Amino acid sequence: DAGVTQSPTHLIKTRGQQVTLRCSPKSGHDTVSWYQQALGQGPQFIFQYYEEEERQRGNFPDRFSGHQFPNYSSELNVNALLLGDSALYLCASSTRTGRWDQPQHFGDGTRLSIL
Amino acid sequence: KQEVTQIPAALSVPEGENLVLNCSFTDSAIYNLQWFRQDPGKGLTSLLLIQSSQREQTSGRLNASLDKSSGRSTLYIAASQPGDSATYLCAVRGGSNYKLTFGKGTLLTVNP
């Protein structure tokens, strides 16, 4: 049973560029959330998708956008990259049914470095 | 706004010692609390999930307790091993959305 998978593992970009990160949820999960984890900090919620729509959003600018596909996989897009966007980006999946009481399962993340 | 604090920020213990990690949160209106383990450069591994109606959960050498009214949770690790070395994060889910709010974590080092 495959867990949450993210690609790529590492990415290096320069300021002003755009980046797309990808996530495939755990089998049987239909809800995907994205988190940003800066070095030495806890993960911060970016947004959540289910039924191919953004449902909740954290305190992130609209340079951060996403998409969910019919197969429940998701993309995170970041435009006009800033040095402060350097972080580990984590994807978490869960089921919408019983979403309150089910654990979230995380992938290994994408390490994004901005030069 | 929910805030989660973890104490201590770092902990170093000899192998075999029992230890307690602390987590506190400011808004007691939570649905559940989840403890995670994170190895360096890796993602999060879920350890225990405690529902708001529960007092504790156990898995092997791990025991997590929850006192929702006081906004506190503890993770107890029995007979620690060098393989337990990692960062331990607690996160609460609550409020009007489904997001997890995390603490900054406790970096645990277990010395052989």
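Look above for the structure.
The following paragraphs examine the structure supplied in this document. Every residue gets a number counted from 1 within its own chain, in the order that chain's sequence is written. Chains carry letters from A onward and ligands carry numbers from 1 onward, assigned in written order. The predicted nature of this model means local features are confined to residues of pLDDT at least 70 and side-chain atom pairs, given and counted, to a pLDDT of 80 or more, with totals for whole chains, interfaces and linings taken over all residues. With hydrogens and water stripped out, all remaining heavy atoms of the structure feed into the side-chain values.

Tallying secondary structure elements over chain A gives 0 helices and 11 strands in all. Under the scheme used here, helices are H or I runs from DSSP no shorter than 4 residues and strands are E runs no shorter than 2 residues, and both carry numbers assigned from the N terminus. Reading the helices (α) and strands (β) of chain A from amino to carboxyl end gives β-β-β-β-β-β-β-β-β-β-β. We take the radius of gyration over the C-alpha atoms and set the globule estimate at 2.2 Å times the residue count to the 0.38 power. The C-alpha radius of gyration computed for chain A amounts to 13 Å, which stays within 12% of the reference 13 Å derived for 115 residues, consistent with globular compactness. Dimensions along the principal axes, computed over C-alpha positions, put chain A at roughly 40 × 25 × 25 Å. Going through the 115 residues of chain A one by one, you find that 46% of them count as buried. Two residues qualify as a contact provided that any one of their heavy atoms is within 4.5 Å of a heavy atom in the partner residue. Summarising the internal contacts of chain A: among those between residues at least 6 apart in sequence, 53% fall at separations of at least 24. Accessible surface is estimated by sampling points in the Shrake-Rupley manner with a 1.4 Å probe; for residues, cover comes only from the protein chains shown. Summed over its atoms, the accessible surface of chain A is roughly 5,500 Å², and 46% of this surface lies on carbon and sulfur atoms. In summary, the charge assignment counts Lys and Arg as positive and Asp and Glu as negative, without counting His or the chain termini. Think of each charge as sitting on NZ of Lys, CZ of Arg, CG of Asp or CD of Glu. Taken together, the 10 basic and 11 acidic charged side chains of chain A have centroids lying 7 Å from each other. Think of it in three bands: with a 1.4 Å probe and only protein chains considered, a residue is buried below 20% of the maximum accessible area for its type, exposed above 50%, and partly exposed in between.

Judged by nonpolar contacts, the single largest core of 22 residues is most densely connected at Phe25, Leu33, Trp35, Leu75, Ile77, Tyr88 and Leu108 of chain B. Going through the elements one at a time, β3 (19–25), β4 (30–38), β5 (44–51), β7 (62–67), β8 (72–77), β9 (86–94) and β11 (106–111) of chain B are the ones with two or more residues in this core. Residues contacting leucine 75 of chain B, with those up to four places away along its chain left out, are Leu19, Val20, Leu21, Trp35, Leu47, Leu48, Leu62, Asn63, Ala64 and Tyr88 of chain B. Take the buried Ala, Val, Leu, Ile, Met, Phe, Trp, Tyr and Cys residues and link them wherever side-chain atoms come within 4.5 Å; each set so joined is a nonpolar core. In terms of nonpolar packing, the next biggest core, distinct from the first, is built from 20 residues, Val4, Cys23, Tyr49 and Leu112 of chain A among them.

Residues and elements named next belong to chain B. Following the sequence through the fold, glutamine 6 ends up in strand β1 (residues 4–7). Given a relative accessible area of 9%, glutamine 6 falls into the buried group. With 16 residues separating them in the primary sequence, glutamine 6 and asparagine 22 have C-alpha atoms 5.6 Å apart. The residues contacting glutamine 6, other than those within four sequence positions of it, are Asn22, Cys23, Trp35, Tyr88, Leu89, Cys90, Gly103, Lys104, Gly105 and Thr106. The term polar contact refers here to a pair of N or O atoms within 3.5 Å; inside protein, the definition further demands a hydrogen-donor-capable atom paired with an acceptor-capable atom, and it admits residues adjacent in sequence only when both atoms are side-chain atoms. At 2.9 Å, the side chain of glutamine 6 and the backbone oxygen of tyrosine 88 are in polar contact. Polar side-chain contacts of glutamine 6 include one of 3.0 Å to the backbone nitrogen of glycine 105.

Bear in mind that shape data such as this cannot, by itself, settle questions of function.
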